[in-house]
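# Structural description and commentary
This is what each chain is made of:
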Amino acid sequence: MNSTSARFVPSKRMGICEPMHQMAMWDFKGNNFLETSPPSMFEIETNLDNLSEDTSHGTVGPSSKYDQEASKSDDKVRRRLAQNREAARKSRLRKKAYVQQLESSKLRLIQLEQELHRTRLQQGQYVGGGIDTSQLGYSETTNPGIATFEMEYGQWVEEQNRQISELRSALNSDMGDMELHIFVDCGMRHYSDLFTMKATAAKADVFHIISGMWKTSAERFFLWIAGFRPSELLKILMPNLEPLTEQQRLDVSNLRQSCQQAEDALSQGMEKLHYILAETIAEGQLGEGNYLHQIGSTIDKFEALARFVVQADHLRQETLQQIYRILSTRQAAQGLLAMGEYLQRLRTLSSCWSSRPTEQT
Amino acid sequence: MEKVVKLASENGILIFSKSTCCLCYAVQMLFKELGANPSIYEIDHDPAEGKDIEKALMRMGCSGPLPAVFVSGKLVGSTNEVMSLHLSGSLIPLLKPYQPNMS
């Protein structure tokens, strides 16, 4: 009963595997030194007694007392082996549980870091030093709601830039999907935060929001109802999401078509509102110097405008949600990075353009 | 409310609307673009029951409450719900039974 080949047997204390070259020694009674305490005196005595006993009990068994003793040893050996196997199995399970706990703690830590950062942002602990004022656009206003929004948006952009860098590093590293998922969720929530901010600001001054005064000039050029056009964004994202499966390609294509249809519908609604607003403001005799006797109904129309902003943002939000559903975690991360960089390029373009040396004419 | 239920059951696709509401108009345009032909009920043209209809729609949980879209007698929702359904690809199948030659 020799097993001198190297075996890995977990030590009881740490769950750490140790090679067990010389430890597989069995004494003639089949006791394993590692797992059990030395045989008690009682045991030894009993064993010695067994040795000297006559084996003729009338049972069908080994014919000599040595055979019987050998089979008793065999039993003990088998029992010890079974106990060892069981202990080893338990040890492996403990180790597995420990590693799993470490992994989930790691994920939780990343999550907490992101949340902390976000909370600090919301509490305005990050002073907007380093925000290029040209990014803020024309913000000379005494409307406190808008002033708040401009400040919050500045912080939003800073956080956006930080997240973009993080995403880039994450995608270039060998980060697993579970961790990437946290960054993706963070990115999605960040956009969600922006839509919430815009809805509040639209109530304060819808014209400020819808004219895109809070965005850079290049962004304003591409503006559609106070923000990006979802179908355009999908078109930009597609080549950056490769490789896509056939099903994904189809899904994104369908999504893009649905977006376009929804955008067209909202655009037509906006046109009608535009017309009605213009008519309302032009009501009454012009040239008499008595403006806005109809101010009450005009204000109602402004509220309708705010509804359109909210609806357009809802469309953007839904598009992001659908894309999230269609793509894998990695693809979603790539998508967020591509989208972030695209919008970043627009902002950079604006600041380069505004700071270019003008030629003498 | 009876009138709401009655109108909804009589029309495959029904949109409660207000003639001055541009978002209602937008939703109507969407349905037209999808090849559907919804019935439009302008509640501001119903001096008698218009306000009650609006209240009933609010009670039914319609977020607008206008526009309020009903398909096959069931409340689908307002603009948000319609847009979400469309982006998830679930709106067109809903409308199919009511328009044989839809895109």
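That block above? That's the structure.
Residues numbered from 1 in each chain as written. Chains lettered and ligands numbered in written order. Predicted model: local features only at pLDDT ≥ 70, side-chain atom pairs only at ≥ 80, totals over all residues. Heavy atoms only, no water.

Turning our eyes to something else, we now look at the overall build of chain B. The helix and strand inventory of chain B stands at 5 helices and 4 strands. Start at the N end of chain B and walk to the C end: the helices and strands fall as α-β-α-β-α-β-β-α-α. A burial count over chain B gives 48% of its 103 residues as buried. (Helix = DSSP H or I, 4+ residues; strand = E, 2+ residues; numbered from the N terminus. Buried < 20%, exposed > 50% of the residue type's maximum accessible area, 1.4 Å probe, protein only.)

The next point concerns empty space enclosed by the protein. Residue and element names in this part refer to chain A. This structure, assessed with the given rule, holds 7 cavities of 30 Å³ or more. When its volume is computed, the largest cavity comes out at roughly 110 Å³. Along its surface, the largest cavity is lined by 15 residues, and Y191, L194, K215, F228 and L343 are the ones closest to its centre. Broken down by secondary-structure element, the contributors of at least two residues to the lining of the largest cavity are α4 (144-172), α5 (177-204) and α11 (329-354). The element best represented in the lining of the largest cavity is α5, accounting for 4 residues. Along the lines of polarity and charge, the residues of the lining of the largest cavity split into 8 nonpolar, 2 polar and 5 charged. (1 Å grid on protein atoms, 1.4 Å probe; cavity = no way out; pocket = protein on both sides within 12 Å on 5 of 7 lines; lining within 4 Å. Points joined across faces, edges and corners; volume = space filled by probe spheres on them. Nonpolar A, V, L, I, M, F, W, Y, C, P; charged D, E, K, R; others polar.)

Every contact between the two is made by 21 residues of chain A and, on the other side, 21 residues of chain B. Both sides together, the interface formed by chain A and chain B hides about 1,900 Å², and carbon and sulfur atoms give 63% of it. Three residues stand out in chain A for area buried against chain B, namely Q261(A), K272(A) and R307(A), and they jointly supply 29% of the buried area on that side. Along the contact surface separating chain A from chain B lie 0 salt bridges. For the side of chain A that touches chain B, the secondary structure elements donating two or more residues are α9 (246-281) and α10 (295-326) of chain A. At 13 residues, α9(A) tops the list of elements feeding residues into the side of chain A that touches chain B. Taken together, the residues of the side of chain A that touches chain B sort by class into 9 nonpolar, 8 polar and 4 charged. (Contact = heavy atoms within 4.5 Å. Buried area = accessible area lost by both parts, 1.4 Å probe. Salt bridge = Lys/Arg side-chain N within 4 Å of Asp/Glu carboxyl O.)

Where a strand is regular, its side chains alternate between the two sheet faces. Residues and elements named next belong to chain B. The pairing of strand β1 (residues 13-17) with strand β2 (residues 39-42) spans 4 bridges and is classified as parallel. Considered in β2, the bridge of F16 is made with Y41. Following the chain from β1 across helix α2 (residues 22-33) to the adjacent parallel β2, one finds a crossover that is right-handed. (Pairing = 2+ DSSP bridges. Right-handed = clockwise from strand over helix to strand, strands pointing away.)

A separate point is the sheet that holds strand β4 (residues 74-77) of chain B. Residue and element names in this part refer to chain B. The sheet built from 4 strands is open, its strands ordered β2-β1-β3-β4 with mixed pairing. Each edge of the open sheet carries a strand with a single partner, namely β2 and β4. Here the strands of the sheet are splayed against their neighbours by 25° on average, with no regard to which way each runs. Here strand β3 (residues 68-71) runs beside β4; their pairing, made up of 3 bridges, is antiparallel. (Axes fitted to C-alpha atoms, helices over the stretch in contact; angles between N-to-C directions.)

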